[in-house]
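So you can see what is in the structure, the chains are spelled out below.
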Amino acid sequence: HCATSKNPDVLLFQEVVEDMFEVMKLRLTPPEWSIMKRGSVDTVYFNVTAVRKQHAQPTSLMFPSHCTTQGRHVVLTTATAWKIANVHAESGPGKLATAARQKQYAILQRIHEREERPVWIIAGDFNARDGEDASLLAGGWRDACAEEPTVDGVAREDWTWRKGQNKARYDRIYFRSTQEY
């Protein structure tokens, strides 16, 4: 109930396990909601995207992220004029995980070239450390969190994970649009 209390049109989940997915199917019921996940799941958890059907008959294309040892992937969904990519990028602070994330971000930076849409959104668990999103920003993607200092009165800095001197904002939303906002 918490996820739907604000009456959203789109919900993006990462790290969903099969038991959670079964509950989602009960709570986000057809015909109001269309629920999409990766076709074959060979990992313990996966991404799920839910879209209200009143806005469109969403379609979904799932593909594994390149250069992953963790089974990370993107779920692409079309909702009206929007294309939404639900992301779960490689995690971990080590060099191999960082290199894999950078390759995944480079792929995401060009994902809008797959299909022309007025609005593209890539959102989810990027596992990003400061500066790791440089290829996305250089490619014309805008960081929604950086553009809006507060959401519902909560400072965006409050969304940042911290442990000692380390900090990261793992969950992110990027967008690009042919329209001005």
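Please refer to the structure higher up on the page.
Now for a look at the structure at hand. Owing to the predicted nature of the structure, the values given are computational and were not obtained by experimental measurement. For every chain, the first residue of the written sequence is number 1, and numbering continues from 1 onward in sequence order. With pLDDT at 70 or above as the cut-off, local features in this predicted model cover only qualifying residues; side-chain atom pairs require 80 or more to be listed or tallied, and sums for whole chains, interfaces and linings still use all residues. Processing note: side-chain calculations cover all non-hydrogen atoms of the structure and skip hydrogens and water entirely.

## Examining the overall build of the protein chain
Labels follow the DSSP assignment, with helices taken as runs of H or I lasting at least four residues and strands as runs of E lasting at least two, numbered in each case from the N terminus. Counting its secondary structure elements, the protein chain contains four helices and 13 strands. Contacts: residue pairs with any heavy atoms within 4.5 Å of one another. The contacts of the protein chain with a sequence gap of at least 6 include a subset with a gap of at least 24, amounting to 62%. For the protein chain, the computed accessible surface area is about 10200 Å², with 54% contributed by carbon and sulfur atoms. A 1.4 Å probe and the Shrake-Rupley method give the accessible areas. Residues count as covered only by the protein chains that appear here.

## What about the nonpolar core?
The criterion is simple. A nonpolar core is a set of buried Ala, Val, Leu, Ile, Met, Phe, Trp, Tyr and Cys residues joined through side-chain atoms within 4.5 Å. Burial classes: relative accessible area under 20% of the type maximum marks a residue as buried, over 50% as exposed, and values in between as partly exposed (1.4 Å probe, protein chains only). Counting residues in hydrophobic clusters, the biggest one holds 15 residues, and the most contacted among them are L108, I111, I122, F126 and L136. Where this core is concerned, the elements lending two or more residues are β5 (73-79), β6 (82-88), α2 (95-109) and β7 (119-125). Judged by nonpolar contacts, the second largest core, of nine residues, contains A79, V119, I121 and F175.

## Describing the side chain of D125
Its place among the elements puts D125 in strand β7. The sign given to each residue is positive for Lys and Arg and negative for Asp and Glu; His and the chain ends receive no count. Any Lys or Arg side-chain nitrogen located within 4 Å of an Asp or Glu carboxyl oxygen qualifies as a salt bridge. No salt bridge forms around the buried D125; measuring N to O, its nearest opposite-charge neighbour R72 is 5.5 Å away. Under this definition, polar contacts are N or O atom pairs within 3.5 Å; protein pairs additionally need one hydrogen-donor-capable and one acceptor-capable atom, and for neighbouring residues in sequence, both atoms have to be side-chain atoms. Separated by 3.2 Å, the side chain of D125 and the backbone nitrogen of N127 make a polar contact. Excluding anything up to four places from it in sequence, D125 contacts Q14, E15, V87, H88, A89, Y170 and D171.

This is a description of form; function is not addressed.
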